[in-house]
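# Remarks on the overall topology
These are the residues of each chain, in order.
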Amino acid sequence: MFLSEASVRRPIAMSCLIIALALLGFNAYRKIGLELMPKVDLPYITIVTEYPGASPEEIETDVAKRIEDQVVTIEGLKHVSSSCMENACQTLLEFELEVDVDIAATDVREKVDLIRGDFPEGVRDPKIMKMDISASPIIQLALTGDRLIDELYDYADNTLRDRITVLPGVADVSLIGGAKREVHVLLDRNELGARGLTTLDVVSAIQAGVKTVPSGRLREKGMEYSVKFDAEFDDVEDIGMLELVSDEGRRCYIKDIGRVEMTTEELRQRAFIDGKSAVAIKVVKKSEANAVEVVRRVRDEMNELRQELPGGMDLVWVTDDGRFIESSVQSAWVNIGQGILLTALILFLFLHNFRSTLVIAVTMPLTIVIGLFFMKALDYTLNVPTLLAIGMSVGILVTNSIVVMEAIVRRLETDGNPKEAARLGTKEAFIAVLASAATNVVVLFPIAVMGGMIGRFIKFFALTMVIMTVVSLFISFTLTPILCSVLLKANTGSKRSLLSRFNRIWDGGFERAIVTYRRILEFNERHRWSAIAVMILVVLMLFHSVSLIPQLGTSFASDPDRGEIFIKLEFPTHYDLPRTIKRVKEAEVLVSGLPELKSVLST
């Protein structure tokens, strides 16, 4: 009530406050993030451990079992599962929902550190990662061309990765479909045996002969110099000059028992774009970054990179999430705008007053704009739950203002003074509007604190609606009486105007509908059998509706049509890479005839 009094008596001061909040809302919209789903900390932690050259059985015994036995004592742990494959294993830890994932990740890291010394030699340091649905690959590129796959991978690894990773919002760039450069020492078994040497002797010689060792400092006449033992080689062939000594004391060089060549790691992954060899590039964004902005930055950088590509290379933009997210947000805003316009039109049909309709048409979008400021203050983003809440809140926004305005219009018809009518009408409607808004908040608050995985996502929906409801309450007691005191006038319209004739026709039809509905109620009141029949029909419809629930199905989220199809192929584990590629090529042929097909990326 204080707000309405202050708004009518000091309209300029209150208008300045509302304008300031509106400007903050527009600024928040400019900075607010765009996402498909809100940022949620899921209670899952993944431990990835690599053991090159080991079989799944060895990894299960020597790595996975030890990790599981060590982490099982962590408080709040709900479930542990491990997937062992060739060269690596993945351990998934599921915690209770109330567990802080950051603290749990620290506990897991401390537990794993205690058993690192128990792993077999060759096991790499385990990678401990939190599951974050917001930090996921949002862009897929493909570097292809007429060059060898080794050259494509080198350029992607040394140039493209470095150029893309430094962009704001990019967390990581992963490459699929190639291998890094490395030096191979190919030994001749006969020459090795003839000199009484083993492969371990060669390994020891290389480890001792190819290294850089810091060796301290030299001081001379006030100057200080760093000293290091530098045994790195600039030429691969020079590695062949490393000396070996057998148990009998005979000496030879690596070049005498084999050859050294520059090549790549064993190729374990391949990628193809439309049937041509390629390197697939996946861009992962940071969890707090704006997905649409990241996509725009990468696209701009890609346009520059294309001009710098070496001859015979082509960088292909395969797909991205930004376009879908941006289209979804734009579609949601269009729907919200349509809802506001339709609401204003329906109000005009019942209020028969352009000025009254203008008041409501102004307060509804302004409420949403101011609400965006408070959403940004809570670090919310525009995503599916929040946009759904904004769209559904349109009805709540108009309810509060129209109750206040109806009371003002009734007062205006009595005394004819707009300013006094705005003050007294708002005062009369204060309790009713406050009770209506409080009812919405009471219903939404339990949803906001709901537990479970669904509660993690739906709280953004509920709290956004609470924000819009509270802002709508504020606008109803401030801007609505201000606009009513300025715009509304006493009814002096001519009875012969076109609008008046339309109003009489509309009101006449509405009155006839009311009379018909009243007759139906009176008929049911006089005839008990009719009332019983209506009740039976309602009960039958209720049971029929409940019986349809199993046919509707259940899912965590809807599956939108994004114009992308993912095909996952699983083959026997004894298939090697060439045979797997052959089978994948068969699948590519089957889908190549799909209509409107843009590209096919296989990894």
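What counts, and at which threshold
Residues numbered from 1 in each chain as written. Predicted model: local features only at pLDDT ≥ 70, side-chain atom pairs only at ≥ 80, totals over all residues. Heavy atoms only, no water. Helix = DSSP H or I, 4+ residues; strand = E, 2+ residues; numbered from the N terminus. Rg over C-alpha atoms; globule rule 2.2 N^0.38 Å. Buried < 20%, exposed > 50% of the residue type's maximum accessible area, 1.4 Å probe, protein only. Contact = heavy atoms within 4.5 Å. Lys, Arg positive; Asp, Glu negative; His and termini not counted. Charge placed at Lys NZ, Arg CZ, Asp CG, Glu CD. Salt bridge = Lys/Arg side-chain N within 4 Å of Asp/Glu carboxyl O. Expected span 1.5 Å × (residues − 1). Arc of directions from axis to C-beta. Patch = residues over 30% accessible without salt bridge, like charges linked within 9 Å, V, L, I, M, F, W, Y side chains within 5 Å. Areas by Shrake-Rupley, 256 points an atom, 1.4 Å probe, with all protein chains shown as cover. Core = buried A, V, L, I, M, F, W, Y, C linked by side-chain atoms within 4.5 Å. Pairing = 2+ DSSP bridges. Phe/Tyr/Trp six-rings, centres within 6.5 Å; stacked < 30°, edge-to-face > 60°. Lys NZ or Arg CZ within 6 Å of the ring centre and 35° of its normal. Disulfide = S-S within 2.5 Å. Axes fitted to C-alpha atoms, helices over the stretch in contact; angles between N-to-C directions. Parallel < 35°, antiparallel > 145°, perpendicular 65-115°, else oblique. Left-handed = near helix turned anticlockwise from the far one by under 90°. Nonpolar A, V, L, I, M, F, W, Y, C, P; charged D, E, K, R; others polar. Polar contact = N/O pair within 3.5 Å; in protein donor to acceptor, adjacent residues only side chain to side chain.

For the rest of this paragraph, the subject is the overall build of the chain. Secondary structure summary: the chain contains 19 helices and 16 strands in total. Taking 603 residues into account, the globule formula puts the C-alpha radius of gyration at 25 Å, and the chain, at 36 Å, lies well above it. Per-residue burial for the chain yields a buried fraction of 36% across its 603 residues. Counted over contacts in the chain with a minimum sequence separation of 6, partners at least 24 positions apart contribute 75%. Taken together, the 67 basic and 79 acidic charged side chains of the chain have centroids lying 12 Å from each other.

With that settled, the discussion passes to the pattern of salt bridges. Pairs may arise between side chains of opposite charge once their charged atoms sit close together. As enumerated under the stated definition, the model contains 26 salt bridges in all. Between Glu266 and Arg268 there is a salt bridge; the shortest N-O distance is 3.5 Å. Its relative accessible area of 46% is what places Arg268 among the partly exposed residues. Overlapping salt bridges bring together Glu50, Arg124 and Lys127 as one network.

The next thing to look at is helix α19 (residues 577-591). Its 15 residues place the ends of α19 21 Å apart at the C-alpha level, agreeing with the 21 Å of an ideal helix rising 1.5 Å per residue. Here α19 has its buried residues at Ile581, Glu588 and Val591. Down the axis of α19, the buried set is contained in an arc of 75 degrees. They therefore lie on one face. Residues of α19 that are exposed and point over 90 degrees away from its buried face: Lys582, Val589 and Leu590. Residues of α19 that are buried make contact with β13 (271-273) and β16 (601-602).

Let us now look at a nonpolar patch on the surface. A cluster of nonpolar side chains, Ile565, Ile567, Leu569, Leu594 and Leu597, forms an exposed patch at the surface whose accessible area comes to about 480 Å². Position of Leu569 relative to the elements: it lies in the loop between α18 (549-552) and α19. We classify Leu569 as partly exposed; its relative accessible area is 38%.

Counting residues in hydrophobic clusters, the biggest one holds 58 residues, and the most contacted among them are Ile18, Met375, Leu382 and Ile390. The element best represented in this core is helix α12 (residues 384-415), accounting for 10 residues. Look past the residues within four positions of Leu382 in its chain and what remains in contact with it is Tyr29, Ile32, Gly33, Leu34, Glu35, Val329, Trp333, Leu372, Met375, Leu387 and Ile390. Grouped together as the second largest cluster of nonpolar side chains are 28 residues, Ile138, Ile139, Ala156 and Val295 included.

In this structure, strand β2 (residues 77-85) lies alongside strand β3 (residues 88-95), joined through eight bridges in antiparallel fashion. If you follow His79 over to β3, its bridge partner there is Glu94. Hairpin connection of β2 to β3: two residues between the antiparallel strands, including Asn87 at a positive phi of 80 degrees.

In this description, an aromatic ring pair is defined by two values, namely the gap between the centres and the angle between the planes. If you walk through the whole model with that rule in mind, you get six aromatic pairs. For the pair Tyr29 and Trp333, a centre-to-centre distance of 5.8 Å together with 80 degrees between the ring planes defines the contact as edge-to-face. Of the two residues, Tyr29 is situated in helix α2 (residues 11-31) and Trp333 in helix α10 (residues 322-351); the sequence distance between them amounts to 304 residues. Aromatic pair Phe523 and Trp529: ring centres 6.1 Å apart, planes at 90 degrees, arrangement edge-to-face. The ring of Tyr253 carries the charged tip of Lys255 above its face, separated from the ring centre by 6.0 Å. Over the ring of Trp317 we find Arg299, and its NZ or CZ is 4.1 Å from the ring centre.

By the definition in use, this model includes zero disulfides. For the unlinked cysteine Cys89, the closest cysteine sulfur is that of Cys84, found at 5.1 Å. Take Cys484: it sits in no disulfide, and the sulfur closest to it among the cysteines is that of Cys16, at 19 Å. For Cys484, a relative accessible area of 1% translates into the label buried.

Another aspect to go through is the sheet that holds β2. A sheet is described by the order of its strands in space; here four strands give the open sequence β2-β3-β1-β4, paired in antiparallel fashion. Of all the strands in the sheet, just β2 and β4 (127-132) have a single pairing partner and so form its edges. Taken pair by pair, the neighbouring strands of this sheet meet at an average axis angle of 20 degrees, ignoring direction. Packing of helix α3 (residues 56-71) onto the sheet brings it into contact with β1 (41-50), β2 and β3, and relative to β2 it is tilted by some 165 degrees.

We now examine the packing of α12 against helix α13 (residues 418-448). Contact pair α12 / α13: the axes reach a minimum separation of 7 Å and the direction vectors enclose 150 degrees. By the criterion of interaxial angle, the relationship of α12 to α13 is roughly antiparallel. Along this stretch, α12 crosses α13, giving a crossing that reads as right-handed. Looking at the contact of α12 with α13 residue by residue, the class counts come to 13 nonpolar, six polar and five charged.

For helix α9 (residues 291-308), built from 18 residues, the straight-helix expectation of 26 Å at 1.5 Å per residue is met to within 8% by its first-to-last C-alpha distance of 26 Å. Taken as a whole, α9 has its buried residues at Ala291, Val292, Val294, Val295, Val298, Glu301, Met302 and Leu305. On the buried face of α9, the contacting elements are β5 (137-145), α5 (149-165), β6 (170-176), β14 (276-285), β15 (313-320) and α10. Between the side-chain oxygen of the N-cap and the backbone nitrogen of Val292 there are 3.1 Å, and the N-cap of α9 in question is Asn290.

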